[in-house]
Amino acid sequence: MAWFHAVVGGAGMRYIMMVLRGNMRRNKGVHISVLVLMLVISLAFCSVLSYYTNSIRHDSEAMEEVGYGGMLAALYGENRLDAYGTSADKIIKNIGKCDAVQEVKAADVVYLLLKDCNGKGGNSSFVLNDTDSVLTYDQYDVDNKMTDRRLEKGEVSVPFSFIGMYDCKIGDTVELGNDNGSYTFKVASFFEDPYMGSSVMGIKTILISDEDFADLKAKAAEDHRSGLEDDKRSFELSKLIIIDKKPGLDLTEMEFERELNNVSDFASYCWITLSKEQAGSYMLLMTKVFSAVLLIFVVLLLVAAGLLLFFFVLRRPRDPDDDLPPDDDLFSGDDWPTGGGLTM
């Protein structure tokens, strides 16, 4: 390999340096432009990463503010729990016996279908009291400003995702229920739901006034006492359970749920369980897809800009005024290694 080292260390290196100097002088403006382009692309890359990480942090902080714990569980309706020979209170008491549980909180919830909103419907809904002490949501008015105004009878507050999903505006009406009966409300405000507010989630939280919620609870109690069958009801009353894991426990969400089931078998009495990590994955699904597409695009631009810069820096100048010697003179005479031929 002596000939290779001689070429690279001698004339070959001088050739490379002359090519670089010649191209730098000749294409200075191009090089600067490409470098600026690479800087802009790098900033775009950092912006996408910042957007993604900030979205994750914002969603996590919003969950904490609302009051969601490590896991959410929506129990079946009263009729079905009766058929299983249990009740919401018994299930909550058994969950509290689990050594891995820090706290169990429960909120009354009404399960209703979204029958109609601007001609669309179909999503299942968790209907909560807007003054519930367990889960607290910040509501926003028509000017997108936070408001302390409480909902009045006949009013609802819906997630911001309703704007894109149903073209919903403040003042629009929504119909909740099914063919057995329905209830019409006017949209009075929007709120941010960090747990189920994503448009990809088939379940939505809706807030109603104290008075309307009390009326629904009374109707549910009457239906339950009369033994009205589920398929003849317009809604169900149950409990939404928030379960906090003890801090410092080295348990994954799956292991935590397994511990809960070993003690209480609570998952058998729920029609949905959702950990904070799972909810975050659903909420940020579109953000992840959008960020991934942007990152791929930015990386491709960065590679293309790098190749462009490499081409302009290393290509041989063709300007006759350049001080680069002709190709056939580069390795002639004393520049070519001697010593009895090539040695490997």
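Structural notes, computed from the coordinates. (Residues numbered from 1 in each chain as written. Predicted model: local features only at pLDDT ≥ 70, side-chain atom pairs only at ≥ 80, totals over all residues. Heavy atoms only, no water.)

Examining the overall build of the protein chain
- When its secondary structure is counted, the protein chain shows 10 helices and 11 strands.
- Counting every position in the protein chain, which comprises 344 residues, the buried fraction comes to 40%.
- When the accessible surface of the protein chain is summed, it comes to about 18,600 Å², and 57% of that surface belongs to carbon and sulfur atoms. (Helix = DSSP H or I, 4+ residues; strand = E, 2+ residues; numbered from the N terminus. Buried < 20%, exposed > 50% of the residue type's maximum accessible area, 1.4 Å probe, protein only. Areas by Shrake-Rupley, 256 points an atom, 1.4 Å probe, with all protein chains shown as cover.)

Notes on the environment of Y68
- Structurally, the position occupied by Y68 is in the loop between α3 (28-66) and β1 (71-75).
- For the pair Y68 and K276, spaced 208 residues apart in sequence, the C-alpha separation works out to 7.9 Å.

Re helix α5 (residues 88-96)
- Within α5, burial applies to A88, I91, I92 and I95. Viewed end-on, α5 has its buried residues packed into an arc of 95 degrees, placing them on one side of the element. Opposite its buried face, α5 presents the exposed residues D89 and K93, each directed more than 90 degrees away.
- Among the structural elements, β1, α4 (78-83), β2 (101-117), β10 (236-245) and α8 (253-264) are those in contact with the buried residues of α5. (Arc of directions from axis to C-beta. Contact = heavy atoms within 4.5 Å.)

Concerning the pairing of strand β9 (residues 203-208)
- Burial of β9 is extensive: six of the six residues sit out of reach of the surface.
- The alternating pattern of β9 places I203, T205 and L207 on one face and K204, I206 and I208 on the opposite face, and all of these are buried.
- Of the pairings in the sheet, the one linking strand β3 (residues 124-129) to β9 comprises six bridges and is parallel in character. Note on β9: the bridge partner recorded for S124 is I203.
- The pairing of strand β6 (residues 155-159) with β9 spans two bridges and is classified as antiparallel. When the bridges of β9 are listed, S157 appears paired with L207. (Pairing = 2+ DSSP bridges.)

So, unusual backbone geometry
- At N118, a residue that is not glycine, the phi angle is positive and equals roughly 55 degrees.
- With respect to the helices, strands and loops of the structure, N118 is situated in the loop between β2 and β3.
- Under the relative-accessibility criterion, N118 is labelled partly exposed at 39%.
- Look at N144: it is not a glycine, yet its phi comes out positive at around 60 degrees.
- Position of N144 relative to the elements: it lies in the loop between β4 (139-140) and β5 (146-147).
- The exposed category is assigned to N144, whose relative accessible area is 51%.

A word on the pattern of salt bridges
- Scanning all chains against the criterion turns up 11 salt bridges.
- Across the salt bridge formed by K239 and D108, the nearest N and O atoms sit 2.7 Å from each other. Of this pair, K239 sits in strand β10 while D108 is found in strand β2, placing the two residues 131 residues apart along the sequence.
- For D179, the salt bridge identified is with K115, shortest N-O distance 3.8 Å. Remark: K115 occurs in strand β2 and D179 occurs in the loop between β7 (173-178) and β8 (181-191); sequence separation between them is 64 residues.
- Look at D179 and you get exposed, because its relative accessible area is 75%.
- Using a relative accessible area of 34% as the deciding quantity, one classes K115 as partly exposed.
- Each of D108, K217 and K239 takes part in one network of salt bridges that share partners. (Salt bridge = Lys/Arg side-chain N within 4 Å of Asp/Glu carboxyl O.)

Everything listed here is a matter of coordinates, which is why it stays silent on function.
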